[in-house]
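For reference, the chains in residue letters:
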Amino acid sequence: MTARRQARAGTGLRRAAWAAAALVAAGLTGGAAGAQGLKQYDSSGKAFWKSPPPDWFLGDETSAQKGLAPPANPALPASDEELADNLKAVKLPAGFTISVYASGVPEARQMAIGDKGTLFVGSFGATNVYAIVDQGGKKVVKTILKGLNMPTGLAYRDGALYVVAIDKIFRYDNIEANLDKPPEPVVVYDDMPSYVPHGWKYLTFDKDGWVYVPFGPPFNIGNPPSSVSQVRRVDLKTGAAEIVALGVRNSVGGDIDPRTGRYWFTENARDWMSDDIPSDKLNMISKVVEHFGYPYCHQGDMPDPKFAQGRTCAEFTPPVAKLGAHVAPLGMKFYTGSSFPAEYKNNIFIAEHGSWNRHKYQGGRIERVIVDPDGKNAKMETFASGWLKGDRDYTGRPADILVAPDGALLVADDWAGAIYRIAYTK
């Protein structure tokens, strides 16, 4: 067994023990389903809100899906040899190539590029923020921030790096001149709940310098607290904020349409219904304040069997596109570069992290969406695939997309701990 596999096994055991303890703390109930050995939870009690269980248990198991749980992320990044072998299986359209931009980036999530070309990368459970710099033609990964609370989301603007860590957004001024000794952070926004489940976030600046921030509810399905299940638009200079969307379950990706200035975002649908429903979504905010259906309606046309509560799907904004069940769409970007063929201009690229609440996984790929500025005539096709082998074996899980200054696409992979570069060479 390799060191990476041994570390991965150890991580799985630790997470299993942590999850078991959390199930007790969260007030999980028995009843008829409990007699069958199915997990249940009760979010109506004080114990749940004091200590919500880990996200992957936040749903009542069904007999059909009993025992499903997310695969344990490898504790160590893939080696250069493993990455080279993995990328041999990646399929791309003719004329495109993929290569390793940087390796050794544990649990890589959202990316941002500084004025001097530094690639900043957040992380999921690793608690780190990384800076990737070029030294003599070689990409060097520096861990510039440590010990943050799931700093998945970050953005760069006017010389400063912004990092969101569950319930605070920090600003690090003049960051590229201080990579080896970052300045003390300034808290620029903290009107945010501290729930960790679905509390990891993604940052997207608009042309006015306000940032879009999604807020997920701390469970699979239920009536959410008023502070979550929404998207806010925040002025990080003043702390002013406005709610721009409601009824959003779990969004960890978004971008501004260069054609209209509107905010588009991916959304992960609920779990524990079946392998094939409901579909994850691509949404667009066309007016303030739209409601996208959660928890009453899923995928635009499917009332929740328990939480519809007399509401109809016609009351809510439907998705621009249904992406498929349990594909887990995360980071997304409009293609604004000039090195790809002309037909790719303003297309959307979506990083699909891939399934866990499904017997046969799907996702683990990059999807391309061609769509009109008004959200009509959406067409979707797979742009890059090959990180999913067989029914349930990941070699990589795309987590974010970024358009590089040279027009190439950068892809963050939090499973393999790497950044890839996709370029057009024909």
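Look above for the structure.
Note on numbering: residues in each chain are counted from 1, in written sequence order. With pLDDT at 70 or above as the cut-off, local features in this predicted model cover only qualifying residues; side-chain atom pairs require 80 or more to be listed or tallied, and sums for whole chains, interfaces and linings still use all residues. In computing side-chain properties, one takes all heavy atoms of the structure into account and sets aside hydrogens as well as water.

> Would you mind going over the state of the cysteines with me for this structure?
We call a pair of cysteine sulfur atoms a disulfide whenever their separation is within 2.5 Å. Taken as a whole and judged by the stated rule, the model has 1 disulfide. Each sulfur in the disulfide pair C297 and C313 lies 2.2 Å from the other. Since a negative S-S torsion denotes a left-handed disulfide, the C297-C313 link at about 110° is right-handed. Placement of C297 in strand β18 (residues 297-298) and of C313 in the loop between β19 (302-303) and β20 (321-325) is noted, with a sequence separation of 16 residues between them. We note that C297, like C313, is buried. Secondary structure follows DSSP: runs of H or I at least 4 residues long count as helices, runs of E at least 2 residues long count as strands, and numbering of each begins at the N terminus. Buried residues are those whose accessible area, probed at 1.4 Å on protein chains only, stays under 20% of the maximum for their type, while exposed residues exceed 50% and partly exposed ones sit between those limits.

> Can you walk me through the pairing of strand β4 (residues 129-135) in this structure?
Remark: a regular strand shows side chains that alternate across the two faces of the sheet. Of all the 7 residues making up β4, 5 are buried; the element is thus mostly covered by neighbouring parts of the structure. Pairing between strands requires that DSSP locate at least two bridges from one strand to the other. Between the end of strand β3 (residues 119-123) and the start of β4, which pair antiparallel, lie 5 residues, with T127 showing a positive phi angle near 70°. Alignment of β4 against strand β5 (residues 138-145), held across 7 bridges, turns out to be antiparallel. The residue of β5 that forms the bridge with V133 is V140. Hairpin geometry of β4 and β5 is characterised by an intervening segment of 2 residues between the two adjacent antiparallel strands and by a positive phi of about 65° at G136.

> Would you explain the sheet that holds strand β10 (residues 204-205) in this entry?
Backbone-to-backbone hydrogen bonds join strands into a sheet, with any given pair of strands oriented parallel or antiparallel. Strand order across the open sheet formed by 5 strands is β10-β11-β12-β13-β17, with mixed pairing between neighbours. A strand with exactly one partner marks an edge of an open sheet, and here the two such strands are β10 and β17 (290-291). As paired elements, strand β11 (residues 210-215) and strand β12 (residues 230-235) share 6 bridges and run antiparallel to each other. Looking at the pairing, V213 lines up with R232 of β12.

> Would you mind showing me how to read the side chain of N250 here?
Mapped onto the elements of the fold, N250 is located in the loop between β13 (241-246) and β14 (254-256). Every residue pair with non-hydrogen atoms within 4.5 Å of one another is taken to be in contact. Those residues in contact with N250 that lie beyond four places of it in its chain are H198, W200, T266, E267 and N268.

> I keep staring at the packing of aromatic side chains and nothing clicks. Help me out?
Both the distance between ring centres and the angle between the ring planes are used here to describe each pair of aromatic rings. Two rings belonging to Phe, Tyr or Trp (six-membered ring only in the last case) form a pair when the distance between their centres is within 6.5 Å. Interplanar angles under 30 degrees mark stacking, angles over 60 mark edge-to-face geometry, and anything in between is tilted. Inspection of every chain in the model, using the stated rule, returns 25 aromatic pairs. Ring centres of Y162 and F205 lie 5.4 Å apart, and the angle between their planes is 70°; on these two criteria the pair is classed as edge-to-face. Of this pair, Y162 sits in strand β7 (residues 160-164) while F205 sits in strand β10; the two residues are 43 residues apart in sequence, bridging distant segments of the chain. Residue classification places F205 among the buried residues on the basis of a relative accessible area of 16%. Here the aromatic cluster, defined as three or more aromatic residues joined through ring pairs, consists of F96, Y335, F340, Y344, F349, F383 and Y424. A cation over an aromatic ring shows up here: R311 above the ring of Y296, its NZ or CZ 4.7 Å from the ring centre. Each ring is checked for a lysine NZ or an arginine CZ that lies within 6 Å of its centre and within 35 degrees of its normal; such an atom marks a charge sitting over the ring.

> What is the right way to look at the nonpolar core in this model?
Note on soluble globular proteins: their nonpolar side chains tend to be buried together. Only buried residues count toward a nonpolar core, which is a set of Ala, Val, Leu, Ile, Met, Phe, Trp, Tyr and Cys residues joined through side-chain atoms within 4.5 Å. F349, I366, F383, L409, Y420 and I422 are the most contacted members of the largest nonpolar core, which has 23 residues in total. Elements with a minimum of two residues in this core: α4 (80-87), β1 (96-103), β22 (348-352), β24 (379-384), β27 (398-403), β28 (409-413) and β29 (418-424). A total of 3 residues in this core trace back to one element, the largest contributor, which is β29. If sequence neighbours within four positions are ignored, Y420 has contacts with L83, L87, I98, S99, V100, Y101, W387, L409, L410, V411 and D413. If you look at the next biggest cluster of nonpolar residues, it comprises 17 residues, including A112, F120, V129 and V163.

> Is there a simple way to think about unusual backbone geometry in this case?
In most cases, non-glycine residues show a negative phi, while peptide bonds are predominantly trans. With an omega dihedral of -10°, the bond running from I277 to P278 counts as a cis peptide bond. Inspection of the secondary structure assignment puts P278 in the loop between β15 (263-267) and β16 (279-284). With an omega of 0°, the peptide bond running from Y294 to P295 counts as cis. For P295, the location among the structural elements is in the loop between β17 and β18. Positioned with a positive phi, T127 is a non-glycine residue whose angle comes to about 70°. Assignment of secondary structure puts T127 in the loop between β3 and β4. On the basis of relative accessibility, which here comes to 26%, the residue T127 falls in the partly exposed class. A positive phi angle is found at W272, which is not glycine, with a value near 65°. Considering the arrangement of structural elements, one finds W272 in the loop between β15 and β16.

> What should I look at first to understand the sheet that holds β3 in this one?
Here 4 strands make up an open sheet; going across it, the order is β2-β3-β4-β5 and the pairing antiparallel. Only two strands of the sheet have a single neighbouring strand rather than two, namely β2 (108-113) and β5. Strand-to-strand twist across the sheet, computed as the mean angle between neighbouring axes with direction ignored, equals 30°. With 4 bridges connecting them, β2 and β3 associate as antiparallel partners. Bridge pairing in β3 links A112 to F120. To obtain each axis, a line is fitted to C-alpha atoms, and for helices this fit is confined to the stretch in contact; angles are then taken between N-to-C directions over 0 to 180 degrees.

> Where do I start with the pairing of strand β23 (residues 365-370) in this structure?
Of all 6 residues in β23, 5 are buried, a share of seventy percent or more. Pairing geometry for β22 and β23, over 5 bridges, is antiparallel. Paired with A351 across the bridge in β23 is I366. Across 5 bridges, β23 lies against β24 in antiparallel orientation. In the strand pairing of β24, R368 is matched with E381.

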